[in-house]
Amino acid sequence: MPARAPDGGRSAAPDCFVALGDSLTEGLGDPVPGGGWRGWAALLAEALGERPGSVPLVNLARSGAQAADVAERQLPAARALGPRFASLLVGANDTLRAAFAIERIAAALDRAHGALSADGAVVLTACLPDPGRMLGLPAPLARPLGRRMRAVNTVVHAVSARYGGVHLHLADHAWVADRASWSVDRLHPSEHGHRLLARGFHTALAATGLPVGPPPALTLDGPPPTRAGSALWMATRGTRWVADRCTDLLPGLVGLALQECRHGLAGSGRLLDAAADRATRSALAALGRTDGAGAGKDPSMTKGAATMAG
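These figures come from a predicted structure and were not determined experimentally.

## Here we look at the overall build of the protein
Working step 1: Assigned secondary structure in the protein consists of 11 helices and 6 strands.
Working step 2: Restricting to contacts in the protein with at least 6 residues of sequence separation, those with at least 24 account for 76%.
Working step 3: Carbon and sulfur atoms make up 58% of the accessible area of the protein, which totals about 14100 Å².

Given below as structure tokens:
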């Protein structure tokens, strides 16, 4: 709940923008002089409110966070601040874990979005690009990850619609296919990408009639990533980065790839897609039976969220 002042009233801290999520929101790919990261959330924060800088940012996002981490650790801290705006971008790390379970992800996202919305925050969400596609993995490895990412995105879109959030169709946006929008690791936006993401949310917020200032600038502060830099990163740190992220996934991913190949040879890949769709529908149906915020609502029957199409 919102923080309380010593006299029992609400904290005197000004309304703020609280960012929840993983390394995408932490700002990886958009370094600042002297070390650390800036990212799209900081760029957007400057453009919120009636005047630039009037809505301070509290960035709770942490690299490697999964949906459960956000709901269990970041959400209580966010609610204590009583934010005016809150962003909830998470799920890519879940797809890179052997214990991937769309029902648990859906429950965590619904819990976080529902609580923030009930507190009066404007909640920002986005569909995320497929990590297998961004890394250029072979098809038998990329397809299972892509299927998982589609499931997560379906849940994110439905939960945002359920609570009337501001949703950005990032996965389908045109600039996602532009190599210049991504850093050398191919998974995090470059400075250019972070600026485009911030501007996308700014456009979506403005479309709802909320007070926003001038849109974030697209002029870069630093040099864009180069092909040589990307190749060097993949040849040195990149392989280790992927291995670190996939330590517990790799044995299962090999099994998924073999399954993908078998179904591909049999021409029955559609059965894997159908099974994933059924699991996602079941996860969303279960949200309508929860006792939290939005209890009793069918996610497929709520009014649509404010969106920005790709």
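## Here's the deal with empty space enclosed by the protein
Working step 1: Here the structure, examined in full by the defined rule, presents 2 cavities of 30 Å³ or more.
Working step 2: Quantified by volume, the second largest cavity comes out at close to 30 Å³.
Working step 3: For the second largest cavity, the full set of lining residues is Leu88, Leu109, His113, Thr125, Val156 and Val159.
Working step 4: Of all the secondary structure elements, the ones that give two or more residues to the lining of the second largest cavity are α5 (102–118) and α7 (139–163).
Working step 5: Here the residues of the lining of the second largest cavity are counted per class, giving 4 nonpolar, 2 polar and no charged.

## Regarding helix α11 (residues 269–287)
Working step 1: Taking 1.5 Å per residue as the helical rise, α11 with its 19 residues ought to reach 27 Å, and the 28 Å between its terminal C-alpha atoms agrees with that figure.
Working step 2: Those residues of α11 that sit buried are Leu272, Ala276, Thr280, Ala283, Leu284 and Leu287. For α11, the angular spread of buried residues about the axis comes to 105 degrees, placing them on one side. Every exposed residue of α11 that faces more than 90 degrees away from the buried side is listed here: Arg270, Arg278 and Arg281.

## Examining the confidence of the model for the protein
Working step 1: On average, residues of the protein score 81 in pLDDT, and 79% of them are at 70 or above.
Working step 2: Here residues 1–13 is modelled with pLDDT under 50, and outside its nearest four sequence neighbours on either side it reaches 18 contacts, counting other chains as well.
Working step 3: pLDDT under 50 marks residues 300–310. Its contacts with residues more than four places away, or in other chains, come to 28 contacts.

## Topic: the nonpolar core
Working step 1: The biggest cluster of nonpolar side chains holds 63 residues, and the ones touching the most others in it are Phe17, Trp40, Leu44 and Phe201.
Working step 2: Every residue in contact with Phe201, bar those within four places of it in the chain, is listed here: Trp40, Leu44, Leu89, Leu124, Thr125, Ala126, Val166 and Leu168.

## What about the pattern of salt bridges?
A side chain with one charge can pair with a side chain of the opposite charge if their charged atoms come near.
Working step 1: The tally for this structure, following the rule as stated, stands at 10 salt bridges.
Working step 2: For Glu191, the salt bridge identified is with Arg195, shortest N-O distance 3.0 Å. Here the residue Glu191 and the residue Arg195 both occupy positions in helix α8 (residues 191–207), the gap between them amounting to 4 residues, near one helical turn.
Working step 3: Notably, a salt bridge pairs Arg195 with Asp221, separated by 3.1 Å at the nearest N-O pair. Here Arg195, found in helix α8, pairs with Asp221, found in the loop between α8 and α9 (227–245); they are 26 residues apart in sequence, far enough to count as distant.
Working step 4: The class for Asp221 is exposed, based on a relative accessible area of 58%.
Working step 5: Overlapping salt bridges bring together Asp30, Arg38, Glu191, Arg195 and Asp221 as one network.

Definitions and cut-offs
- Residues numbered from 1 in each chain as written.
- Predicted model: local features only at pLDDT ≥ 70, side-chain atom pairs only at ≥ 80, totals over all residues.
- Heavy atoms only, no water.
- Helix = DSSP H or I, 4+ residues; strand = E, 2+ residues; numbered from the N terminus.
- Contact = heavy atoms within 4.5 Å.
- Areas by Shrake-Rupley, 256 points an atom, 1.4 Å probe, with all protein chains shown as cover.
- 1 Å grid on protein atoms, 1.4 Å probe; cavity = no way out; pocket = protein on both sides within 12 Å on 5 of 7 lines; lining within 4 Å.
- Points joined across faces, edges and corners; volume = space filled by probe spheres on them.
- Nonpolar A, V, L, I, M, F, W, Y, C, P; charged D, E, K, R; others polar.
- Expected span 1.5 Å × (residues − 1).
- Buried < 20%, exposed > 50% of the residue type's maximum accessible area, 1.4 Å probe, protein only.
- Arc of directions from axis to C-beta.
- pLDDT = per-residue confidence, 0-100.
- Core = buried A, V, L, I, M, F, W, Y, C linked by side-chain atoms within 4.5 Å.
- Salt bridge = Lys/Arg side-chain N within 4 Å of Asp/Glu carboxyl O.

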